[in-house]
Amino acid sequence: MGVSEIFETMEYGPAPESAAEAQAWLAERDGRFGHFIDGAMTQPGRGFESRNPATGAVLALITQATQADLDAAVASARRAQGDWADLGGPARARYLYTLARLLQKHARLFAVLETLDNGKPIRESRDIDVPLAQRHFYYHAGMAQLMESELPGRVPLGVCGQIIPWNFPLLMLAWKVAPALAMGNTVVLKPAEYTSLTALLFADICQQAGLPKGVVNIVTGDGTVGEMIVGADVDKIAFTGSTEVGRKIRVATAGSGKALTLELGGKSPYIVFEDADLDSAVEGLVDAIWFNQGQVCCAGSRLLVQEGIAARFYAKLRARMDGLRIGDPLDKCIDLGAIVDPVQLARIRALVDSSDGEVYQPATPCPEGCFYPPTLITGLSPVSPLMQEEIFGPVLVATTFRTPSEAVEIANNTRYGLAASVWSENINVALDIAPKLAAGVVWINGANLFDASAPFGGVRESGFGREGGWDGLLAYTREIGAQKPLTQIKAFRGAEVEPQAVDRTAKLYIGGKQTRPDGGYARTVYDAAGELIGQAPLASRKDIRNAVEAAHGAKAWAGTTAHLRAQVLYYVAENLSARSDEFAKRIDQLTGGRDGAKEVELSVNRLFTYAAWADKFEGRVTQVPMRGVAMALREPCGVIGALCPDDRPLLGLVSLMAPAIAMGNRVVLIASEAFPLIAADFYQVLDTSDVPGGVVNILTGSHVELAATLATHMDMEAVWSFSSADVSGVIEAGAAGVLKRSWVNNGLARDWLGAEGEGRAFLEASTEVKTVWVPYGV
Ligand code: NAI
């Protein structure tokens, strides 16, 4: 196009970014890459081609890691880890700072290479991916510096296996590597097979920074290499990718003791109220669904518009879509680049072709090759598969709503819960809706905003764990503590005796009522001397179902004030204290021990601790480097099922119940299997302490039999196990179904009498962080 024509049409002229430097970098390495193991690149081996999706041209040959490669990488990371941790936070901070500086120094090379490899517009890789990756390293250099003073009692996990996707190759690497290194871990990272190149350039940077060998290892390959990492001798797996693979990883790591965080898919709602600034909302939508061709886990891919403005809004949106430019990703004027791979393109096509809605695409032809036009689908019903399934492409599905409550209902009608956008000029409407949305991140009048200081992550099947901010560090540290194995505690046996004249059969406690077990079975309980002391009911699946239903019925507890929850806990403490002698004797009788009095005293104290915390375990406000603040708020998980410790029948139960209900959860507790009768005494205390029915439900029975039911129940948000029975694996595997949060002891003992028995870890497990971004200031 000539200058005069451009003058005529006012069309953009092409503004291509040069690929020369990136091509030279590839050529210097003959376009063939091995792995980065133990501080050096290995010889290239058998592998696969990495292509530029915009042109189909081969960029490089990537090596498929073998088991031996992977073992070498893990061994190197293991050797390096102790010294890396021992260097201390300030010394690690210097390395992270150097990495950040080098990322900055080579920013353009990273941006161009990313665009060549992934197909995303250079405007995005240059202005978003690379700067955010730098920011992540700077921010975490600071976290390394502050670790010792600000995170006392937290230690690194060890070696972290990290598996990342292709949509933000460098940025996801930064999200994984920076916090891991800051906290004293070493890593083995695998980039996605479509997009390995910026990770390999990052290996160069690690060498330039003089990073000790083995601290960062990068192995390339497809999903089978991912599987090898999951199965390797690592202490943690951090995964970002599809929900399907995330679920497989949950099953594969179940019972292994490996820590796990999963950042998975989404179908995030983008809610536009009739009082929104419609032009801003249209612009926001461009960022929400056409950023990175819609290949964004938190893309605002489900548009919900208030009915009265729907027609006007769709018209504005279509006009804006007509103006989007699609083509050569290296052109600085381009809005949409290429889809990452023909496989993904075919997937998007097939999904759109299956649509029974009205499909709108701009009339301007889409370039040949791996490109897909911006697409709007209207007229779908909320249950249509396209309203539910993640398309992971530039495709927006839309529907309308009438009232705010209907908007919430449609927004939450999904198995996912990653992000949401709310558009309204009325702060009351926006801030009323935000807490009601099932999402880990909510943007008010914004979309796809990210920062290293703002926790990111999902609820439901969008995964668990947070990346970024102080909360993200939990995923790369653990509590310091003795890791002693736990021995199974068995119930005492005794001789069969005649049934007693007075029935001493305890009951289950469901919905605030004493209930007989559905199955009608009970177990005889003996003391240490073999004397019969009573019968404990054996709960069944049905009892668990009833308890969960009762817990859901007590939903109002989550909405009560923290002040009120504290008052209730103080009251429970007071009533337990009033009966302390009786409880102490009972514990001694049940366990054959002598420190029942101490256990009761500590239980009362623990109730006081969580009453204290109820209104003090707060979120944070982060001053993100843009026009806004991000509030990382704490919300209760919902309904938590827990197998209580066997060794301390009262204190163990209280140690799980109190933090959970202090934070607004409802609980289904399976009391100590060996010493179940204390539960019956304890629910009498609850009955007299104003605990609303259904907030605490207590069952007794076989931990092994009930573990799977707890874990697989579809309507429970979290499951914990501190049982002395070997059930951690069953719990974690069962929890994979709906990707329920799980917290298990992995057969390790916890000292319930001491500091390990209470504190932040329990409060953190009882809450989900919701990050709400709000416009603020200038
Ligand atoms: P994927 O989940 O298969 O790939 C992500 C990463 O996991 C890659 O590094 C891959 O090599 C690795 N991987 C694959 N199978 C594995 C296994 N069994 N064990 C361990 N690691 C494994 O995603 P894929 O196939 O590239 O894309 C398919 C769909 O997944 C997309 O269309 C999209 O819907 C979703 N997706 C979501 C992402 C997100 O950020 N939430 C990112 C990428 C994909």
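Residues numbered from 1 in each chain as written. Predicted model: local features only at pLDDT ≥ 70, side-chain atom pairs only at ≥ 80, totals over all residues. Heavy atoms only, no water.

1. Focus on the packing of helix α25 (residues 703-712) against helix α26 (residues 728-735)
- Their axes nearest at 7 Å, the elements α25 and α26 cross at an angle of 25 degrees. By the criterion of interaxial angle, the relationship of α25 to α26 is roughly parallel. Considering only the axes of α25 and α26, their crossing is right-handed. Along its contact with α25, which presents A707, A708, A711 and T712, the element α26 presents V730, I731, G734 and A735.
- A class-by-class count of the residues in the contact of α25 with α26 yields 6 nonpolar, 2 polar and no charged. (Axes fitted to C-alpha atoms, helices over the stretch in contact; angles between N-to-C directions. Helix = DSSP H or I, 4+ residues; strand = E, 2+ residues; numbered from the N terminus. Parallel < 35°, antiparallel > 145°, perpendicular 65-115°, else oblique. Left-handed = near helix turned anticlockwise from the far one by under 90°. Contact = heavy atoms within 4.5 Å. Nonpolar A, V, L, I, M, F, W, Y, C, P; charged D, E, K, R; others polar.)

2. Concerning the side chain of R466
- Looking at where R466 falls in the secondary structure, it is placed in the loop between β19 (463-464) and α17 (469-473).
- There is a polar contact of 3.4 Å between the side chain of R466 and the side chain of E768.
- Within the structure, the side chain of R466 is placed 2.9 Å from the backbone oxygen of V769, a separation counted as a polar contact.
- Every residue in contact with R466, bar those within four places of it in the chain, is listed here: G440, P455, F456, G457, G458, V459, D471, G472, A475, E768 and V769. (Polar contact = N/O pair within 3.5 Å; in protein donor to acceptor, adjacent residues only side chain to side chain.)

3. Some remarks on the site of the ligand
- Around the ligand, 26 residues are found, and the nearest of them are I164, W166, K190, E193 and S242.
- A distance of 2.7 Å is found between an oxygen atom of the ligand and a side-chain nitrogen or oxygen belonging to E193.
- A total of 790 Å² of accessible area belongs to the ligand in isolation, and the protein chains cover 89% of it.
- Among the secondary structure elements, those contributing two or more residues to the shell around the ligand are α9 (223-231), β10 (236-240), α10 (243-253) and α13 (342-353).
- Among the elements that make up the shell around the ligand, the one with the highest residue count is α9 (3 residues).
- Summarising the domain contributions, the shell around the ligand has at least three residues from each of domain 1 (20-264 + 472-479) and domain 2 (268-457). (Near = heavy atom within 4 Å. Areas by Shrake-Rupley, 256 points an atom, 1.4 Å probe, with all protein chains shown as cover. Domains from an automatic or database assignment.)

4. Observations concerning the UniProt feature "active site" (unreviewed entry) in the protein chain
- When the UniProt feature table is mapped onto this chain numbering, "active site" (unreviewed entry) sits at E263.
- Within the secondary structure layout, E263 lies in strand β11 (residues 259-263).
- For E263, a relative accessible area of 3% puts it in the buried group.
- Residues in contact with E263, not counting those within four places in the same chain, are F239, T240, G241, C297, L418, F456, S462 and E467. (UniProt positions renumbered as here; feature names shortened; annotations may be inferred. Buried < 20%, exposed > 50% of the residue type's maximum accessible area, 1.4 Å probe, protein only.)

5. Thoughts on the sheet that holds strand β5 (residues 58-63)
- What the 3 strands build is an open sheet, ordered β1-β5-β4; its pairing is mixed. Among the strands making up the open sheet, the edge pair consists of β1 (32-33) and β4 (47-51).
- In the sheet, β1 pairs with β5 via 2 bridges, with the strands oriented parallel. By the bridge assignment for β5, F33 is matched with I62.
- Against the sheet, helix α8 (residues 197-208) touches β1 and β5, its axis set at about 70 degrees to β5. (Pairing = 2+ DSSP bridges.)

6. So, the domain arrangement of the protein chain
- Once the domains are mapped, the protein chain shows domain 1 (20-264 + 472-479), domain 2 (268-457) and domain 3 (508-768).
- Just the C-alpha atoms count here: the centres of domain 1 and domain 3 sit 39 Å apart.
- Across the boundary between the two partners, domain 1 contributes 14 residues, which contact 13 residues of domain 3.
- Carbon and sulfur atoms make up 59% of the area that domain 1 and domain 3 hide from each other, which totals about 1,000 Å².
- Counting the contacts that link domain 1 with domain 3 gives 2 salt bridges.
- The shortest N-O distance in the salt bridge between R250 and E732 comes to 3.3 Å. (Buried area = accessible area lost by both parts, 1.4 Å probe. Salt bridge = Lys/Arg side-chain N within 4 Å of Asp/Glu carboxyl O.)

7. Some words on the packing of aromatic side chains
- For the structure shown, the criterion picks out 23 aromatic pairs.
- With centroids separated by 5.3 Å and ring planes inclined at 25 degrees, the aromatic side chains of W25 and F33 adopt a geometry described as stacked. In this structure, W25 and F33 share a single accessibility class: buried.
- These aromatic residues form a ring-pair network of at least three members: W720, F722, W743, W752 and F762. (Phe/Tyr/Trp six-rings, centres within 6.5 Å; stacked < 30°, edge-to-face > 60°.)

8. Some words on helix α2 (residues 20-28)
- Buried within α2 are the following residues: A22, W25 and L26. Down the axis, α2 shows its buried residues gathered within 95 degrees of arc, on one side only. Residues of α2 that are exposed and angled more than 90 degrees away from the buried face: E21 and E28.
- In the core, the buried residues of α2 are packed alongside β1, β5, α5 (107-118) and α8.
- Looking at the residues trailing α2, positive phi occurs at D30, about 55 degrees. (Arc of directions from axis to C-beta.)

9. Remarks on the sheet that holds strand β32 (residues 767-774)
- Spatially, the 10 strands line up as an open sheet ordered β14-β15-β16-β13-β12-β17-β18-β32-β26-β25, and their pairing is mixed. Bordering the open sheet on either side are β14 (358-360) and β25 (620-622), each of which pairs with just one other strand. For this sheet the average axis-to-axis angle between neighbouring strands, irrespective of direction, equals 20 degrees.
- As defined by bridge partners, strand β12 (residues 269-272) adjoins strand β17 (residues 419-423) across 3 bridges and the pair is classed as parallel. Looking at the pairing, I271 lines up with V422 of β17.

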